[in-house]
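Structure at a glance
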Amino acid sequence: MLKKKELSINMGPQHPATHGVLRLVLELDGETVVKCTPHVGYLHRGTEKLGENRTYPMALPLTDRLDYVSSMSNNIGYCVAVERLLGIEAPARAKYIRTIMAELTRIANHIVWIATHALDIGAMTVFLYSMRDREWILDLYEMVCGARLTVTYPRIGGVRCDIDQEFMDSCYKFIEDFPKRIEEYETLIDQNRIWLQRTVGVGIISAADAINWGLTGPTLRGSGVAYDVRKAAPYDAYDQIDFEVPVGKNCDVYDRYRCRMDEFRQSISIIKQCLDKLPDGLVLASEAPPYDMPIGKPRVMPGHPMGEILPGELVEEKVPFDELYSATEVPKGELGFYFVNDGTARPYRMRIRAPSFVHASVLPKLCEGSLVADVIANIGTIDIVLGECDR
Amino acid sequence: MTVKQLIDKVFLTEILKGMALTFKMMLSKPVTIQYPDEKRKIYPGFRGKHAFVRDAKTGRQKCIMCMKCVNICPSQCISLKKGRDENNKPFLERYDIEALRCIYCGYCVEVCPVCALVLTEDFGYCSYTKDAIFFDKDKMLKNWDEFVAKLSGDVYWNKFWRPDGVDIAKMPKSKREQAPVPIRPTAAVPSDTVPEKKPVNPAEKPPEPAAEVEEKPEEKKEVV
Ligand code: SF4
Ligand code: SF4
């Protein structure tokens, strides 16, 4: 009599399909996954702690390195959070520029997502075409800020420098041409029978479960919940822009794919509206903190256990003595920054709510009972980047 | 199943469409840039290798040792040492950027009140030793010379020195007075007459007599 035993294998951290250094311990019964345990932390760099040791303007470049395929969105999320904390309002032109940048980033992120997701599932051609198109967006970044990946372009209270006519022209050209590129991707995979077999009915998570697991962004919207921070709590210029939030209904990998493909088109329309409406004026608020923001002295935090040991002295009124959670919609979901401030120009505690971290935690739920091959599709569909997950 | 769906299923329509697309791509122009032979266009303001601006009038860097860049650098990779010469005048004794730690944020370029620093458009610098990517003040000037040698035009202006759309009134006075840097000093005036004949711009640092005179002969050689 042969004994039946579950086999546990490591998937990752060096597996190319895990999108970074994610390690999944899979317990297998034949081809079926019985249990899946994600292990994260291989890329931990202590971003939160580093942020606590730097003033608000100096911590901004750290946020580039969270989700390195959509660094501009992270920057904007951070700037919006600090602006809310300091009570600064960015000028209208800066808000529009940021919206353009955020949407370009959304396109760039979804391009990387479709490229890697399709490559994992076996469609190599999409990868090549989409990388070609991403280059275009990186060029646009370089045009405005001189960097292609770690941009540090927004700034607390606005953006660092104005956009020029050359950028506007290239951007118009991009939004004119890009819809054709989306069609190319769709020609390759949208109705392809292999793609359909690998994605339809795979990785199902119901709307209620998705909410309970804290999913956000297209991963949630694929389950039919129309929650989008851009609509729910508008920031930058989103309240003046007309756009739709695409939702799926079958809660599977294919619907999440459709959601993101529709977001491409929505982003194009948002960029177009922003470029058309772009107001004139300065791009930096006059009360924006300078780069060399004075640190100031910390104040006593009443009722806080740490409060007793901090030297208490009311020094500056510039930075409010406050806690704040601020969320923005980055391409992967809801990126939140939570600051506890002790009145200095440094956060006493900075907490980053990274969508990838939350999404990685849903993998056991998605994978249990599925086949090994579908684990790959599930990792792709939740769109995680481990730089952000491990922070 | 409709008739169309049946036809699509039997004749593999979607796969044929995909193949037609890839075949079409095969005939189009390749987009790949053959990197070391071909170079892509770099846009102005690219944040690459560090350099000190060589002031056309004094032939030296313009740093006034205000420590702003040292304090602002998020990765804390700049160090500066202020020395005193025999007349008790301060001069820049050491200025080091550990470029391997630099994250190319460009903050140092933006805060410098006299626009002494620049992140040039050179990006392909790598080496087998750490020392080659550790920039001291002489190397920073050398980087500048190498950079301007590749430029066309007579003046250079970095867009982060005084970013567009930012209120100029809030910048320090010395920054407001900065003008594009001439990068072809020899084309306009013979270089040996430059330090004496030209009036010194009050916004910039007056030339310091000591410490760095020995840099000049080397500079003439390279600029020509
Ligand atoms: S670019 Fe940024 S990290 Fe590099 S030296 Fe300048 S301030 Fe420091
Ligand atoms: S900010 Fe400029 S002037 Fe001040 S120390 Fe740095 S390089 Fe010198």
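In this report, we go over the structure that sits alongside the text. Bear in mind that the values here come from a model prediction, so they are computed numbers and not experimental data.

Quick look at the site of ligand 2
Around ligand 2 sit 13 residues in total, of which C63(B), I64(B), C66(B), C69(B) and C112(B) are the nearest. When its residues are assigned to classes, the shell around ligand 2 shows 12 nonpolar, no polar and 1 charged.

Some details on the nonpolar core
M101(A), L104(A), Y153(A), F167(A), Y95(B) and W144(B) are the most contacted members of the largest nonpolar core, which totals 113 residues. Examining the composition of this core, we find that 14 residues originate from one element, helix α4 (residues 92-121) of chain A, more than from any other. The contacts of Y153(A), once residues within four sequence positions are left out, are M72(A), N75(A), I97(A), M101(A), V144(A), C145(A), V159(A), R160(A), C161(A), D162(A) and I163(A). Counting 29 residues, the second largest nonpolar core, distinct from the first, contains Y56(A), L324(A), V330(A) and F337(A).

Here we look at the site of ligand 1
Around ligand 1 sit H50(B), C73(B), P74(B), S75(B), C77(B), I78(B), C102(B), I103(B), Y104(B), C105(B), G106(B) and C108(B), and those are all the residues in its vicinity. Grouping the constituent residues of the shell around ligand 1 by class yields 9 nonpolar, 3 polar and no charged.

Notes on the sheet that holds strand β6 (residues 323-330) of chain A
Residue and element names in this part refer to chain A. Strand order in the open sheet formed by 3 strands is β6-β7-β8, with antiparallel pairing between adjacent strands. Looking along the sheet, the strands with just one partner apiece sit at the ends: β6 and β8 (347-353). Averaged over all pairs of adjacent strands, the angle between their axes in this sheet comes to 15°, without regard to strand direction. Across 8 bridges, β6 lies against strand β7 (residues 333-341) in antiparallel orientation. Counted as the bridge partner of E323 is V340 from β7. Here helix α3 (residues 71-86) sits on the sheet in contact with β6, β7 and β8, set at roughly 150° to β6.

Quick notes on the packing of α4(A) against helix α6 (residues 165-189) of chain A
All names here are of chain A. Contact pair α4 / α6: the axes reach a minimum separation of 12 Å and the direction vectors enclose 25°. With respect to their mutual orientation, α4 and α6 come out roughly parallel. When the axes of α4 and α6 are compared, the crossing they make is left-handed. Contacts from I100, M101, L104, I107, I111 and I114 of α4 reach α6 at F167, C171, F174, F178, Y185 and I189. Taken together, the residues of the contact of α4 with α6 break down into 12 nonpolar, no polar and no charged.

Observations concerning helix α5 (residues 137-150) of chain B
Taking 1.5 Å of rise per residue, the 14 residues of α5(B) would be expected to cover 20 Å, and the 21 Å separating its terminal C-alpha atoms lies within 8% of that figure. Along α5(B), the residues that are buried comprise K137(B), M140(B), L141(B), N143(B), W144(B), D145(B), F147(B) and V148(B).

Remarks on the packing of aromatic side chains
All names here are of chain A. Tallied over the entire structure, the rule returns 24 aromatic pairs over all chains. Centroid distance Y78 to F339: 5.9 Å. Interplanar angle 80°. Geometry classified as edge-to-face. Within this pair, whereas Y78 is found in helix α3, its partner F339 is found in strand β7, the two being separated by 261 residues in sequence. Of the two residues, Y78 and F339, neither departs from the other in class, the shared state being buried. Chaining the aromatic ring pairs together yields one cluster made of W136, F174, F178, Y185 and F264. Above the ring of Y238, the side-chain terminus of R230 is found at 5.8 Å from the ring centroid. It is R391 that lies over the ring of F357; its NZ or CZ is 5.3 Å from the centre.

Quick notes on the pairing of β7(A)
All names here are of chain A. Counting buried residues along β7, 8 of its 9 residues qualify, which places the element largely inside the surrounding structure. Count of turn residues in the β6/β7 antiparallel hairpin: 2 residues. Here β7 runs beside β8; their pairing, made up of 6 bridges, is antiparallel. Bridge pairing in β8 links G336 to R353.

Notes on the pairing of strand β3 (residues 90-98) of chain B
Residues and elements named next belong to chain B. Relative to β3, strand β2 (residues 78-84) is paired through 7 bridges, and the arrangement is antiparallel. Paired with K81 across the two strands is R94, which belongs to β3. Taken together, β2 and the strand that follows it, β3, pair antiparallel across an intervening segment of 5 residues, in which N88 is found at a positive phi of about 65°. Sheet analysis places β3 next to strand β5 (residues 134-135), joined by 2 bridges and oriented antiparallel. Of the residues in β5, the one forming a bridge with I97 is F135.

Conventions used here
Residues numbered from 1 in each chain as written. Chains lettered and ligands numbered in written order. Predicted model: local features only at pLDDT ≥ 70, side-chain atom pairs only at ≥ 80, totals over all residues. Heavy atoms only, no water. Near = heavy atom within 4 Å. Nonpolar A, V, L, I, M, F, W, Y, C, P; charged D, E, K, R; others polar. Core = buried A, V, L, I, M, F, W, Y, C linked by side-chain atoms within 4.5 Å. Buried < 20%, exposed > 50% of the residue type's maximum accessible area, 1.4 Å probe, protein only. Helix = DSSP H or I, 4+ residues; strand = E, 2+ residues; numbered from the N terminus. Contact = heavy atoms within 4.5 Å. Pairing = 2+ DSSP bridges. Axes fitted to C-alpha atoms, helices over the stretch in contact; angles between N-to-C directions. Parallel < 35°, antiparallel > 145°, perpendicular 65-115°, else oblique. Left-handed = near helix turned anticlockwise from the far one by under 90°. Expected span 1.5 Å × (residues − 1). Phe/Tyr/Trp six-rings, centres within 6.5 Å; stacked < 30°, edge-to-face > 60°. Lys NZ or Arg CZ within 6 Å of the ring centre and 35° of its normal.

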